[in-house]
Amino acid sequence: MKKIAAAGLIIAMLGSVLAGCSSGGKSGEDAAKGASPGGAAESATYPLKTDEKLSYWGDITGNLVGVKASHDEIPFFQKWQEKTGVPLEFTAPPAGQSKEAFNVMLASGDLPDMIEYNFIGDFPGGPEKAIKDGYILKLNDLIDKYAPNLKKYLQEHPDIDKMVKTDSGSYYAFPFIRGDEYLRVFQGPVIRKDWLDELGLPVPETIDEWTTTLRAFKEKKGAAAPFSVVSKPRFFNESGNGAFIGAFGVNRGFYQEDGKVKFGPAEPGFKGYLQLFHDWYKEGLIDKNIATADTKAVDSNIASGATGATVGNAGGGIGKWQPLVAANDPKAVLVAAPYPVLNKGDKPKFGQLNQAYASEGTVGVTTGAKDPALAVRMLDYGYSEEGHMFFNFGEEGVSYTMENGYPKFTDLLMKNPDKLAPAQAISLYARSSYNGPFVQDKRYAEQFFALQTQRDAVEIWRNTDAAKYNLPSITPTPEESSEYATIMNDINTLVDEMTIKIILGTEPVDQYESYVAKMKSLGLDRAIEIQTAALQRYNSR
Amino acid sequence: MANRQSFLSRLVRDFVLNKYLYIMMLPVIAYYLVFHYAPMYGALIAFKDYSPMKGIMGSDWVGLKHYQDFFGSYYFWRILKNTILISLYTLVFEFPAPIILALLINEVRKKKFKRVVQTITYMPYFISLVVICGIITDFTNADGVINHLFMFLGYDGQAMLQKPDLFRPIYVLSEIWQRIGWESIIYIAALMSIDLEQYEAARIDGASRLKQMLYITLPGLLPTITIMFILRMGNLLNVGFEKIILLYNPVTYETADVISSFVYRKGLLEFGWSYSSAVGLFNSVINLVLLITANAISRRVSQNSLW
Amino acid sequence: MKTEIGWGDRIFNVINYALMIFLVVVTLYPLLYVLFASFSDSARLLGHKGFLWRPLGFSLEAYKSVLNNPGIGIGFRNTAFILVFGVAVNLLLTSMGAYVLSRKNVMWNKVFMFIIVFTMFFSGGLIPLYLVVKGVGLLDTLWSTIVPFAVSTFNLIIMRTAFMGIPDSLEESAKIDGANHFTILFRIIIPLSMPVIAVMILYYAVDKWNGWFYASVFIKDRDLFPLQLVLREILISNSTDSMSSGASAGDRFQIGETIKYATIMVATVPILCVYPFLQRFFVKGVMVGSLKG
């Protein structure tokens, strides 16, 4: 029985390796033997034998707040200790308070062995500073010696290796990696397919087609707000990812083109974008209350049929709206539309595409760790073949079963007897529904998206050149970071104001040039300089 | 010399005379020293680049850098002006509202009705800001209730929160709506200690209800009103960011963006412990000066003062 | 005794009542809105616009979800403890401080007053306070939400103002009878100031009831979490906003919207009941009675 399971596991892993990486199929064999490619590293056989108890500080995922009160009650964390052989003592900050709790923990000087935290987003000065200030360990040597699985993964994926290091080449945490592009694209334009069919229109691809479509929605379907998007805290939040605005060759933030860093709102294409939305607003094709449209307002517009097109996520968008809108209009179907372009056949320049390395859910080892080597060996488990299955799908026979080499979530998760949502139930037994120190598996999402339209959406939205133009996650140096923040705070305020004022017609489109001049006077060139330097540092990692 | 001796002897005499009072005060002062003054060194981070690992004392000094950033910001004057204006409007229109309510409730003769009014008007204070602002946004929408009313009266409907001119009125009116009942409680309590005989006398003289209200009740409330006013002055630069960010949007920045919301946005970009504490210190100094001024004026004019 | 009611008074009355009724209608609405929304069907509530005059559909799911949370019972118990002991400590210290500060002829009062008011403007921030709380050994106890907040300066000033309004003659006569300051405070001043004491109880109780932030910093043990901290976690984990990020969203949004309102109801209704109860202390002419007696 065990052998069959093990064989199934290897087959499954081969599958995922083929899907996920380019370097070929012999990796499965290697890991099965327990040998590591570096040679120097210890072979890791789990469970490890130790009498030590390590302490672990981290959030309980929002999915489980209110379901389980502590890590100890969550089956995943119980099993994790069993499988690695390392007993853990958990501390969790109150939900939504992790930054304060973290700060206080540092100040009080009582450091646990391991900390699960977002060192890039939520640590002032970033990971480099966290190491420099003597707070977490530089892990390079430790990973070399004690983390063969992670090391192998990073060697096979040099692009990801680059992301998880700092500019000076230090490893600082066990990363959360989205193992497939499929897991990194989840957002784009969404439109009422049933309306399109009724009006005999195709799914719009170009800006002109969009104008025609929205006009038809307004005139023939009586939509009061044909196009509406979440505009809190700024107009069209998601334009940051390049929807619509990307048709004009720019986005809402920094991007790279021809080896140069550019700031979208200061590039000429931005004016075209303003002009378009100004015209749409004037014609009544956009929500009249656009400046105050928050999530709830947009949900409400879509549900009531006032809005026929928006930009949203596959899970939190289509997955949320489809049942809502169907409740009012049984024929209603929401589908994904491609990122709009100016000329038919063009490939969209921008689109939502997350980095493979997500900085949340990463685990660092602190300078206060009693036995750093043990902590590292324990954390490496998540990147092993066995750990990969465990982190993504939980325990075979309990939370998933192998069907033709495909790990299928059981009804315990997908139709939970305690009426927990799949996201919650999965979080009880695995971590694929949020994050953690492991490589996320595509097969989780394939099962998680219940609707065919959701699965199709990801395929439609991923067809962009975003990977080429988006900046990787670069960081200013600690010295520059405060200067950068000061400049960008003023510039962002200016851009947000200009955008909505011009669109609502409070100011004419011609004012655009004078705003660009203001951006320059606020230090835009200096900000671009800082970003360019950061990009260079990144590229030479 | 003689003067100092007399001061010293007065001091000693005072201690002997009031020793029980000082004993009584001891725990209170001890509380303030331990829980307020002992931690106060933390304010130093306004002049440092705070790093949690190095601690407050160990972080690097940066002098007035954060102040230069703040005062040098392109938006400094705008946010200062907006903060002061919103605060002043609130002071002028919202501050008197609970006083008027207390006076009017005092004139209600039916006890039950009185209690019902008190209990209901104080409720909105307890509803979280997110919900209150959600209701405000709904009502002021282009197709919201208030616009329906205006359209009925023959005006054009418009999304009111997209009009910079309307932001402050909406802010202040909703402030009254949410706080009037809650803030009136203290005045209603103060009314209880007004001598009833004064009313008797006034009634015998044939004074109307309105006159009694203006010449007996209002003066009776004056000490409380004065103190509340002085405390308000000491809060002039504190316009909380929560309600502002729930109601504003970039179109209304020009009238709505205040110091706290500006700092909040900056905090989203980077950890601004030091910066926000520098801005906080600036606010505090101005507020303290205002409070001291208000207190001094009040002491001259009305004998009611904090010290 | 009957007095002639003049025309002016009658008009005044009519206007007054009309104003009151208007105010009641206007201020009652938000509470009704929350009440109706909490019983509504989440999907219909999301699709709804404008006034809410009754629950849309009827569903108890949101309440079930809130009240089934394992932390709720513990939260209520902890909050009750904080409320009872916290308000007691608050009242004791505040009334003593207010009494001393309301006395004339105490040389140090001006200094005390400035020391106290100064703290309304300058503070050291969270970390140093945390270290002090840790230093005095209160960390991870319910007392950490009580002792460091034993006096609210604002309330102290209000109470002092009220005490200053009490005629000196009362105190003088008590002194002649040989009463000391403790007796005067607890036997004369406080009984005469019941309306303001009631307000203080209300202010402090509301403060304790709503407080969650410091508990979240000073208390790690989940068995000591106050109610509001538990409710806040429920609210955060169910907010539709936080669920729309990333590829992960379940069907929890089905109640996500209504759960917000159910949480507010659970969080506010108990404390709303305090005020009507305290209102019976709002009695006119207490002072007069005791003066004559």
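Worth saying up front: this structure is predicted, and the values here are computed from it rather than measured. (Residues numbered from 1 in each chain as written. Chains lettered and ligands numbered in written order. Predicted model: local features only at pLDDT ≥ 70, side-chain atom pairs only at ≥ 80, totals over all residues. Heavy atoms only, no water.)

Caption draft 1: Representation of the UniProt feature "transmembrane region" (unreviewed entry) in chain B in the model. The UniProt entry lists residues 20–38, 84–105, 126–150, 170–192, 213–231 and 273–297 of chain B under the feature "transmembrane region" (unreviewed entry), expressed in the numbering used here. Secondary structure content for residues 170–192 of chain B is 96% helix and 0% strand, and the end C-alpha separation is 34 Å. (UniProt positions renumbered as here; feature names shortened; annotations may be inferred. Helix = DSSP H or I, 4+ residues; strand = E, 2+ residues; numbered from the N terminus.)

Caption draft 2: Up close: the sheet that holds strand β3 (residues 114–117) of chain A. All names here are of chain A. One open sheet accounts for six strands, arranged β2-β1-β3-β10-β4-β13; its pairing is mixed. Only two strands of the sheet have a single partner each, and these edge strands are β2 (88–91) and β13 (439–440). Bridge analysis of β3 against strand β10 (residues 357–365) gives four bridges, and the strand direction is antiparallel. Its bridge partner being in β10, Tyr117 is matched across the sheet by Thr362. (Pairing = 2+ DSSP bridges.)

Caption draft 3: Main features of the interface of chain A and chain C. Each side of the interface is counted separately: chain A has 42 residues, and chain C has 41 residues. Surface buried jointly by chain A and chain C totals about 3,300 Å² across both partners, of which 61% is contributed by carbon and sulfur atoms. Broken down residue by residue, the surface that chain A buries against chain C is led by Pro94, Val104 and Lys296 of chain A, which jointly contribute 16%. Where chain A packs against chain C, one counts one salt bridge. The partner of Lys134 of chain C in a salt bridge is Asp110 of chain A, and the shortest N-O contact between them spans 3.6 Å. Breaking the side of chain A that touches chain C down by element, the ones donating at least two residues are α4 (98–108), α12 (295–303), α13 (314–328), α17 (422–429) and α18 (442–448) of chain A. Residue classes in the side of chain A that touches chain C are distributed as 19 nonpolar, 18 polar and five charged. (Contact = heavy atoms within 4.5 Å. Buried area = accessible area lost by both parts, 1.4 Å probe. Salt bridge = Lys/Arg side-chain N within 4 Å of Asp/Glu carboxyl O. Nonpolar A, V, L, I, M, F, W, Y, C, P; charged D, E, K, R; others polar.)

Caption draft 4: Region of the structure containing the confidence of the model for chain B. Across chain B, the average pLDDT comes to 89, with 97% of residues at or above 70. Taken element by element, chain B is modelled with least confidence in helix α1 (residues 2–17) of chain B, mean pLDDT 78, and with most confidence in helix α5 (residues 76–94) of chain B, mean pLDDT 95. (pLDDT = per-residue confidence, 0-100.)

Caption draft 5: Structural view of the domain arrangement of chain C. All names here are of chain C. By domain assignment, chain C separates into domain 1 (9–58) and domain 2 (60–286). For domain 1 versus domain 2, the distance between C-alpha centres works out to 29 Å. Across the contact, 14 residues belong to domain 1 and 14 residues belong to domain 2. Buried surface at the junction of domain 1 and domain 2, summed over both partners, amounts to about 1,100 Å²; 77% is from carbon and sulfur atoms. On the domain 1 side of the contact with domain 2, Val34, Ser38 and Ser42 bury the most area, a combined 43% of that side's loss. Between domain 1 and domain 2 we count zero salt bridges in total. At the level of elements, α1 (7–39) and α2 (42–46) are the ones that each hand at least two residues to the side of domain 1 that touches domain 2. Here the element with the most residues in the side of domain 1 that touches domain 2 is α1; it accounts for seven residues. Of the residues belonging to the side of domain 1 that touches domain 2, the class tally is ten nonpolar, three polar and one charged. (Domains from an automatic or database assignment.)

Caption draft 6: Representation of the pairing of strand β1 (residues 54–57) of chain A in the model. Residues and elements named next belong to chain A. Alternating residues of β1 divide into Leu54 and Tyr56 and Ser55 and Trp57, and every residue in both groups is buried. In this structure, β1 lies alongside β2, joined through four bridges in parallel fashion. Counterpart to Leu54 in the pairing with β2 is Leu88. Handedness of the crossover joining β1 and β2 through helix α3 (residues 75–84): right-handed. By the bridge criterion, two bridges tie β1 to β3 in an arrangement that is parallel. From the neighbouring strand, Trp57 faces β3, where its bridge partner is Ile115. (Buried < 20%, exposed > 50% of the residue type's maximum accessible area, 1.4 Å probe, protein only. Right-handed = clockwise from strand over helix to strand, strands pointing away.)

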